[in-house]
2 protein chains.
Amino acid sequence: MIQKLIDKIQKTNAPIVVGLDPMLSYIPAQIQKKAFGEYGETLKGAAEAIWQFNKEIIDKTYDLIPAVKPQIAMYEQFGIEGLMAFKKTVDYCKEKDLVVIGDVKRGDIGSTSAAYAVGHLGTVKVGEKEYAPFDEDFATVNPYLGTDGIKPFVDVCKEHKKGIFVLVKTSNPSSGEFQDRLVDGRPLYELVGEQVAKWGEDCMGETYSYVGAVVGATYPEQGKILRKIMPKSFILVPGYGAQGGKGADLVHFFNEDGLGAIVNSSRGIIAAWKQEKYAGYGEANFAEASRAAVEDMIQDISTALQNR
Amino acid sequence: MIQKLIDKIQKTNAPIVVGLDPMLSYIPAQIQKKAFGEYGETLKGAAEAIWQFNKEIIDKTYDLIPAVKPQIAMYEQFGIEGLMAFKKTVDYCKEKDLVVIGDVKRGDIGSTSAAYAVGHLGTVKVGEKEYAPFDEDFATVNPYLGTDGIKPFVDVCKEHKKGIFVLVKTSNPSSGEFQDRLVDGRPLYELVGEQVAKWGEDCMGETYSYVGAVVGATYPEQGKILRKIMPKSFILVPGYGAQGGKGADLVHFFNEDGLGAIVNSSRGIIAAWKQEKYAGYGEANFAEASRAAVEDMIQDISTALQNR
């Protein structure tokens with residue numbers, strides 16, 4: 001799957017991923033009205049609104065991008081109905097041949113981590129039958145529990161050619177609270193980065209490993225160091241756009257081959273119609289605004305990479 | 001909710017929690033056969049088997065215990081159908097007046113953490129209506145992302161009188177990989193413990209805060225220190241029984257008031273019928289075996305607490 005991601009990045013010339021993190025406040029009134037008209041102001045109504053919103057954005061952007069990253073929390077908040085919309089979104093993106101990064105940030109130990117891994121990336125056995133319940137291509141994983149928590153994911157990745165992105169240095173303001181603490185004079189995130197490189201060693205694709213890392217666009221200096229610590233790992237970079245990251249900040253997340261990073265934007269794309277810059281599209285054409293925002297993001301990053 | 005947990009512990013005289021972490025291999029053949037007969041060897045069949053298994057264990061133990069801790073991964077691995085069994089289990093336990101600790105180990109940042117918090121502990125708005133999608137009483141939360149990840153949970157806890165248990169020192173063998181790393185001469189888990197105490201300061205119940213911690217029974221020395229660092233936090237202690245922790249190891253997780261800790265056992269209770277010790281109950285009476293294992297666990301911990 002890491003090779004498919006690379007192929008798609010090279011084909012689209014767009015090392016970007018669209019974060020499908022729908023909040024009801026991003027969803028145009030006409031879509032909410034229709035969904036609530038059909039199902040009432042219920043969890044099912046909310047899930048339907050999310051799904052219709054996603055579908056239109058996917059339809060208008062899938063040819064420009066290699067991958068999407070649905071944030072499961074935004075679906076899980078609406079309970080079972082919301083999770084059904086998550087599943088529908090994953091399936092639809094795969095129909096459109098997009099690589100799907102499930103932003104699930106799961107992490108537990110032993111058989112529990114294995115359960116998350118088979119549920120999201122692998123297959124689960126029921127009697128003689130086997131099922132792939134969520135079947136994302138990649139999942140994000142939390143490293144706090146150490147190798148016991150990661151190894152079951154790596155095993156499933158090897159078997160099913162899927163991948164993970166391990167949280168290393170997250171994009172939020174307080175990420176340093178624990179991640180930056182110095183251990184033998186070096187920040188904790190560097191130690192986590194070293195483990196990411198090690199976990200990836202025995203599950204390599206052609207040029208990159210199945211084990212990637214999450215490093216926030218908001219921390220470009222740290223990204224530069226982590227790029228060197230994990231030369232064979234793809235870095236998933238959140239925090240572009242709405243969180244403050246710019247194309248020029250991102251060049252050091254990439255390797256010399258122009259690969260090795262994929263930059264996420266969520267709100268900046270899916271809620272583009274609410275920005276002054278794209279207001280001209282109007283609420284009804286929200287997905288066209290998203291397409292324009294994708295084109296601008298690709299342009300911004302390409303320019304930055306050419307000028308480095 | 002922390003007060004309800006305390007009241008129930010005092011009423012049952014049992015500072016324990018039963019981990020509802022069903023694996024298909026724990027579920028007696030007759031239950032699986034019936035479920036698969038009805039729904040086939042499908043995800044729905046697996047979910048039905050889990051639910052029937054849980055129900056019987058709850059029915060046979062609920063009067064002895066204050067709380068249960070369903071591990072969501074074991075349900076999530078069966079996709080949407082599995083998550084419906086999770087929800088059914090939560091609802092049924094609440095009907096039985098048990099305190100429900102959702103072992104979800106979620107953790108993200110800002111609005112994303114808020115989405116998890118409302119989905120699991122609070123209420124979500126859809127138009128003019130409000131819903132409590134999963135409605136557990138407590139949730140476990142991962143601290144790696146810092147205060148940005150925890151604060152939204154704390155806010156929801158305050159509003160809805162719910163609680164969280166933050167992972168501090170987990171029970172698994174490799175938990176030390178990052179958690180034990182020395183920061184200014186002190187292990188990282190102590191720093192996390194200090195934050196737990198701080199996060200809990202402004203959301204106190206009568207005697208304990210809504211913000212608890214997870215510290216593994218397998219690390220009694222660390223538990224002793226963490227007990228002092230977080231005097232007002234309940235400690236949820238996994239790792240008893242199957243993972244190796246014994247009653248005598250646990251005394252220092254408790255405060256002088258005999259409170260402050262709640263000890264989890266999962267496999268040791270729900271799969272008791274597979275142990276030699278309880279084999280006499282036979283597969284058909286698996287839930288009676290679970291009841292006996294609960295009684296033994298209460299006895300073991302009571303004795304240890306009396307002898308300290």
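Residue positions within a chain follow its written sequence, with the count starting from 1. Key to labels: chains lettered from A, ligands numbered from 1, both in the order written. Under the rules for a predicted model, residues below a pLDDT of 70 receive no local features and side-chain atom pairs below 80 are neither given nor counted, while totals for whole chains, interfaces and linings still include all residues. Working from all heavy atoms in the structure, the side-chain values ignore hydrogens and water.

**Student:** Can you help me understand the interface of chain B and chain A in this one?
**Tutor:** Interfaces are often sized by the amount of accessible area the parts lose when they come together. Contacts between residues were defined by any pair of non-hydrogen atoms, one from each residue, lying within 4.5 Å. Listed per partner, the contact involves 70 residues of chain B and 70 residues of chain A. A quick way to say it: buried area is the sum, across both parts, of accessible area lost when two parts are put together, with a 1.4 Å probe. For the chain B and chain A pair, buried surface summed over both sides reaches about 5700 Å², with 63% attributable to carbon and sulfur atoms. Any Lys or Arg side-chain nitrogen found within 4 Å of a carboxyl oxygen on Asp or Glu counts as a salt bridge. The interface formed by chain B and chain A includes six salt bridges. For the salt bridge of Asp108(A) with Lys105(B), the shortest nitrogen-to-oxygen distance reads 2.7 Å. Nitrogen and oxygen atoms within 3.5 Å of one another constitute a polar contact, given that in protein one can donate a hydrogen and the other can accept it, and given that sequence-neighbouring residues count only through two side-chain atoms. Seen at the junction of chain B and chain A, the total is 34 residue pairs in polar contact (both at pLDDT 80 or more). Every helix listed is a DSSP run of H or I at least four residues long, and every strand listed is a run of E at least two residues long, numbered separately from the N terminus. Ranked by residues supplied to the side of chain B that touches chain A, first place goes to helix H6 (residues 110-120) of chain B with seven residues. Residue polarity is assigned by list, with Asp, Glu, Lys and Arg as charged and Ala, Val, Leu, Ile, Met, Phe, Trp, Tyr, Cys and Pro as nonpolar; anything else, Gly included, falls into the polar class. By residue class, the composition of the side of chain B that touches chain A is 36 nonpolar, 21 polar and 13 charged.

**Student:** Explanation requested: the pattern of salt bridges in the structure shown.
**Tutor:** Pairing between side chains becomes possible if they bear opposite charge and their charged atoms approach one another. This structure, assessed with the given rule, holds 44 salt bridges over all chains. Note that Lys162(A) and Asp135(A) form a salt bridge whose closest N and O atoms lie 2.8 Å from each other. Of the two residues, Lys162(A) sits in the loop between helix H7 (147-160) and strand S7 (163-169) while Asp135(A) sits in the loop between strand S5 (129-131) and strand S6 (138-141), which places them 27 residues apart along the sequence. Connected through salt bridges with shared partners, the residues Lys69(A), Asp103(A), Lys105(A) and Asp108(B) form a single ionic network.

**Student:** I'm lost on the relation of the copies chain B and chain A in this one. Help?
**Tutor:** Turning one copy of the chain about an axis and sliding it along that axis gives the other copy, so a rotation and a shift relate them. Least squares is used to superpose the copies, and the fit set is the C-alpha atoms of residues whose pLDDT is at least 70 in both copies. In screw terms, the move from chain B to chain A is a rotation of 180 degrees and a rise of 0.0 Å along the axis, fitting with an RMSD of 0.0 Å. Here the transformation between the copies is reduced to the relation of a two-fold axis. Residue Val183(B), judged by its C-alpha, is the member of chain B lying nearest the rotation axis, at 2.7 Å.

**Student:** Looking at this structure, I do not really get the sheet that holds S7(A). What am I missing?
**Tutor:** Remark on secondary structure: sheet strands pair via backbone hydrogen bonds, oriented parallel or antiparallel. All names here are of chain A. Here a strand pair is declared whenever DSSP counts at least two bridges between the two strands. Spatially, eight strands are ordered S1-S2-S3-S6-S7-S10-S11-S12 in a closed barrel, and the strand pairing comes out parallel. Going from strand to strand, the sheet's axes swing by 30 degrees on average, the running direction of each strand aside. Pairing of S7 with strand S10 (residues 211-215) involves five bridges; the strand directions are parallel. Along S10, the bridge assignment pairs Lys169 with Val215. Fitted lines through C-alpha atoms give the axes, limited to the stretch in contact for helices. The angle between two N-to-C directions lies from 0 to 180 degrees. Where helix H10 (residues 220-229) meets the sheet, it contacts S7, S10, strand S11 (235-237) and strand S12 (261-265), and its direction lies at approximately 130 degrees from that of S7.

**Student:** In this structure, what is going on with the side chain of Asn264(B)? I would like to understand it.
**Tutor:** Residue and element names in this part refer to chain B. Mapped onto the elements, Asn264 comes out in strand S12 (residues 261-265). Here Asn264 falls in the buried class, since its relative accessible area comes to 4%. Among the polar contacts made by the side chain of Asn264, one reaches the side chain of Ser266 at a distance of 3.0 Å. A simple rule labels every residue: compare its accessible area, found with a 1.4 Å probe on the protein chains alone, to the largest value its type can have, and call it buried under 20%, exposed over 50%, or partly exposed in between.

**Student:** Honestly, the pairing of S7(A) in this entry has me stumped. Any pointers?
**Tutor:** In regular strands, side chains alternate between the two faces of the sheet. Residues and elements named next belong to chain A. Most of S7 is tucked away: seven of the seven residues are buried. Relative to S7, S6 is paired through four bridges, and the arrangement is parallel. Residue Phe138 lies in a different strand from S7, and its bridge partner there is Gly163. We call a crossover right-handed when, viewed with both strands directed away from the observer, the connection leading from the first strand over the helix to the second proceeds clockwise. After leaving S6, the chain enters H7 and then returns to the sheet as S7, a path that is right-handed.

**Student:** Mind showing me how you'd approach the UniProt feature "active site" (unreviewed entry) in chain A here?
**Tutor:** UniProt positions are given in the numbering used here, feature names are shortened, and annotations may be inferred rather than shown by experiment. Taking the numbering used here, the UniProt-annotated feature "active site" (unreviewed entry) corresponds to Lys105(A). Judged by its relative accessible area of 9%, Lys105(A) falls in the buried class. If we ignore the near neighbours within four places in the chain, the residues touching Lys105(A) are Gln71(A), Thr140(A), Val141(A), Asn142(A), Leu167(A), Lys105(B), Gly107(B), Asp108(B) and Leu145(B).

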